[in-house]
Amino acid sequence: MRPFEEIVAEHGQVVMRVCRALLGPHDAADAWSETFLSALRAYPDLRPGSNVRGWLVTIAHRKAIDRIRAADRAPRPTDRLPETPTTDDHAEADPELRAALEALPPKQRGAVVYRYLADLSYAEVATLLDSSEAAARRSAADGIANLRTTYLKGVAP
Amino acid sequence: MSTDNDHELVTALVAAFPATDAAVEGLRARLAEQAERDGLLDVAYRTVDSPFGALLVAATPEGVVRVAFEREDHDAVLDQLAAAVSPRILRAAGRTDAVARQLDEYFGGRRRRFDVPVDLRLVRGFRRAVIAHLPDIPYGSTESYADVARAAGNPAAVRAVGSACSHNPVPVVVPCHRVVRSDGSYGQYLGGPETKAALLTMEAAA
């Protein structure tokens with residue numbers, strides 16, 4: 001079994017991308033930490049030959065769901081807080097595209113994130129979204145089509 | 001219809017969610033701290049500069065479990081630790097701070113003995129008796145393999161002593177370099193015979 005440090009080095013960035021795409025920049029760091037801490041706990045029992053990236057993204061997926069549910073349960077002091085401006089590198093990169101991804105229906109957003117940002121197979125995406133492989137394919141295609149509309153609007157001359 | 005557009009879109013999407021080394025680096029340090037706090041950090045390691053190249057220093061919660069010279073290949077050593085101790089291994093400061101500082105002092109000629117807990121779980125049986133005796137050999141002096149065999153309770157086991165010393169998992173910290181052949185020649189060393197000679201020369205001069 002490889003030292004866990006190598007697992008973090010190899011997959012830390014892709015998990016960060018996934019957390020950011022699922023949760024936005026504020027919760028992403030905590031979700032990343034929770035994901036790798038959980039993974040570290042379970043790591044000695046991981047079956048040899050497992051797809052480590054898929055395993056990590058699955059944990060990140062669950063952590064993201066937990067966070068979204070907890071946020072939904074928490075009382076809201078105001079109806080909708082305005083987007084808090086961020087000062088990290090994240091803030092400069094393509095806010096329209098990020099907003100468009102956030103606006104997608106949950107299955108489409110998940111399918112796009114897991115297929116294109118995490119580079120998982122449609123079979124793995126289907127498991128994460130609790131749907132069939134065909135439905136996962138469709139969600140990803142629909143999601144990309146929706147994003148394309150926004151994206152092309154943004155970059156068209 | 002527009003695969004090129006899709007490709008471009010996916011590239012833009014990846015760029016929209018950057019995960020820079022710097023962003024992940026801070027989180028990796030925090031992960032090691034959280035792992036330590038939750039009792040999940042079975043092996044913490046770091047590298048320490050020495051006059052003989054980088055040394056890998058690894059510690060369990062019980063103490064320093066491994067010191068490795070560069071020529072041993074640090075990646076291979078970490079793989080061995082994953083198999084022999086636990087794959088829950090992270091690069092981390094904290095646990096290895098004291099030994100790193102003491103190694104620095106030792107190589108600077110400002111320390112004569114190491115005062116850190118050592119975990120000898122990688123050594124069994126008679127070899128362990130040998131390794132346990134080595135810290136009693138004072139800085140700057142040497143014993144022969146035959147002396148050590150007697151001290152470890154088996155005067156006939158001279159070859160086994162040689163083998164125990166040349167497989168010492170915590171060289172430098174546990175001074176196997178102070179054990180030499182009866183004729184005064186150096187014998188084997190994990191760090192190479194020239195490193196053994198240099199350590200003894202350094203100690204003799206201090």
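Residues numbered from 1 in each chain as written. Chains lettered and ligands numbered in written order. Predicted model: local features only at pLDDT ≥ 70, side-chain atom pairs only at ≥ 80, totals over all residues.

Chemist: What exactly am I supposed to notice about the overall build of chain B here?
Modeler: In terms of regular secondary structure, chain B is built from eight helices and six strands. Reading the secondary structure of chain B in the N-to-C direction produces α-α-β-β-β-α-β-α-α-β-α-α-β-α. Whereas a compact globule of 206 residues would reach a radius of gyration of roughly 17 Å, chain B reaches 22 Å, over 25% beyond that. Buried residues in chain B amount to 36% of all 206 residues. (Helix = DSSP H or I, 4+ residues; strand = E, 2+ residues; numbered from the N terminus. Rg over C-alpha atoms; globule rule 2.2 N^0.38 Å. Buried ≥ 20, exposed ≤ 12 C-beta atoms within 10 Å, placed from the backbone.)

Chemist: Help me understand the overall build of chain A in this model?
Modeler: Within chain A, the secondary structure is distributed over seven helices and zero strands. When the helices and strands of chain A are listed from N to C terminus, the series reads α-α-α-α-α-α-α. Relative to its full complement of 157 residues, chain A shows a buried share of 38%. Here the contacts in chain A between residues at least 6 apart in sequence split such that 65% fall between residues at least 24 apart. (Contact = placed C-beta atoms within 7 Å.)

Chemist: Would you mind showing me how to read the domain arrangement of chain A here?
Modeler: Where the parts come together, the accessible area they lose is often given as the size of the interface. Residue and element names in this part refer to chain A. Parsing chain A into structural domains produces domain 1 (1–81) and domain 2 (94–157). Once you take the C-alpha centre of each, domain 1 and domain 2 turn out to be 19 Å apart. Taken together, the contacts link 10 residues of domain 1 with eight residues of domain 2. Sorting the residues of the side of domain 1 that touches domain 2 by element identifies helix H1 (4–23) and helix H3 (52–73) as the ones contributing at least two each. (Domains from an automatic or database assignment.)

Chemist: I'm lost on the interface of chain A and chain B in this one. Help?
Modeler: Each partner contributes to the interface: chain A provides 34 residues, whereas chain B provides 32 residues. A per-class count over the side of chain A that touches chain B returns 21 nonpolar, four polar and nine charged. (Nonpolar A, V, L, I, M, F, W, Y, C, P; charged D, E, K, R; others polar.)

Chemist: Explanation requested: the nonpolar core in the structure shown.
Modeler: Taken as a class, soluble globular proteins show a tendency for nonpolar side chains to be buried jointly. Judged by nonpolar contacts, the single largest core of 96 residues is most densely connected at Val18, Cys19 and Val112 of chain A together with Val57, Leu90 and Val161 of chain B. Among the elements that make up this core, the one with the highest residue count is H1 of chain A (10 residues). Beyond its immediate chain neighbours, meaning those up to four positions away, valine 57 of chain B contacts Tyr45, Arg46, Val48, Val64, Val67, Thr96, Val99 and Ala100 of chain B. (Core = buried A, V, L, I, M, F, W, Y, C linked by C-beta atoms within 7 Å.)

Chemist: Looking at this structure, I do not really get the confidence of the model for chain A. What am I missing?
Modeler: Close inspection of predicted coordinates is inappropriate in any region flagged by low pLDDT. Chain-level pLDDT for chain A is 86 on average; 85% of the residues reach the 70-or-more range. Helix H7 (residues 133–155) of chain A is the least confidently modelled element of chain A, averaging 87 in pLDDT, while helix H6 (residues 122–129) of chain A averages 95, the highest of any element. (pLDDT = per-residue confidence, 0-100.)

Chemist: Looking at this model, I keep getting lost on the environment of leucine 117 of chain A. Mind explaining?
Modeler: Mapped onto the fold, leucine 117 of chain A is located in helix H5 (residues 106–117). Each C-alpha atom of the pair leucine 117 of chain A and serine 132 of chain A lies 20 Å from the other, and the pair is 15 residues apart in sequence. Here leucine 117 of chain A is in contact with Arg17, Val18 and Ala21 of chain A together with Leu13, Val14 and Phe17 of chain B, once residues within four sequence places are set aside.

Chemist: When you look at the domain arrangement of chain B in this model, what are you seeing that I'm missing?
Modeler: Residue and element names in this part refer to chain B. Domain assignment breaks chain B into domain 1 (32–107) and domain 2 (125–205). Spacing between the C-alpha centres of domain 1 and domain 2 amounts to 22 Å. Only strand E3 (63–68) and helix H4 (97–107) provide two or more residues apiece to the side of domain 1 that touches domain 2. It is E3 that contributes the most residues to the side of domain 1 that touches domain 2, four residues altogether. Looking at the side of domain 1 that touches domain 2, its residues break down into seven nonpolar, no polar and three charged.

Chemist: Looking at this structure, I do not really get helix H4 (residues 95–103) of chain A. What am I missing?
Modeler: Residue and element names in this part refer to chain A. Looking only at H4, the buried set comprises Leu97, Ala100 and Leu101. For H4, the angular spread of the buried residues around the axis is 100 degrees, confining them to a single face. Projecting away from the buried face of H4 at angles above 90 degrees are the exposed residues Ala99 and Ala103. (Arc of directions from axis to C-beta.)

Chemist: What should I look at first to understand the sheet that holds E3 of chain B in this one?
Modeler: Backbone hydrogen bonds hold the strands of a sheet together, and the pairing may be parallel or antiparallel. Residue and element names in this part refer to chain B. Read from one edge of the open sheet, four strands run E3-E2-E1-E4, paired in mixed fashion. Since the sheet does not close on itself, it has two edges, and those belong to E3 and strand E4 (89–91), each with one partner. The sheet shows a mean angle of 25 degrees between the axes of neighbouring strands, direction not considered. (Pairing = 2+ DSSP bridges. Axes fitted to C-alpha atoms, helices over the stretch in contact; angles between N-to-C directions.)

Chemist: Sorry if this is basic, but what is going on with the packing of H1 of chain A against helix H2 (residues 25–42) of chain A here?
Modeler: How two helices pack is summed up by the angle between their axes together with the distance between the axes. Residue and element names in this part refer to chain A. Contact geometry of H1 with H2 gives a least axis separation of 9 Å together with a crossing angle of 145 degrees. Between H1 and H2 lies a crossing of right-handed hand. Residues Phe4, Val8, Val15, Met16, Cys19, Arg20 and Leu23 of H1 lie in contact with H2, whose contacting residues are Pro25, Asp27, Ala28, Ala31, Trp32, Thr35, Phe36 and Leu40. Looking at side-chain class alone, the contact of H1 with H2 contains 12 nonpolar, one polar and two charged residues. (Left-handed = near helix turned anticlockwise from the far one by under 90°.)

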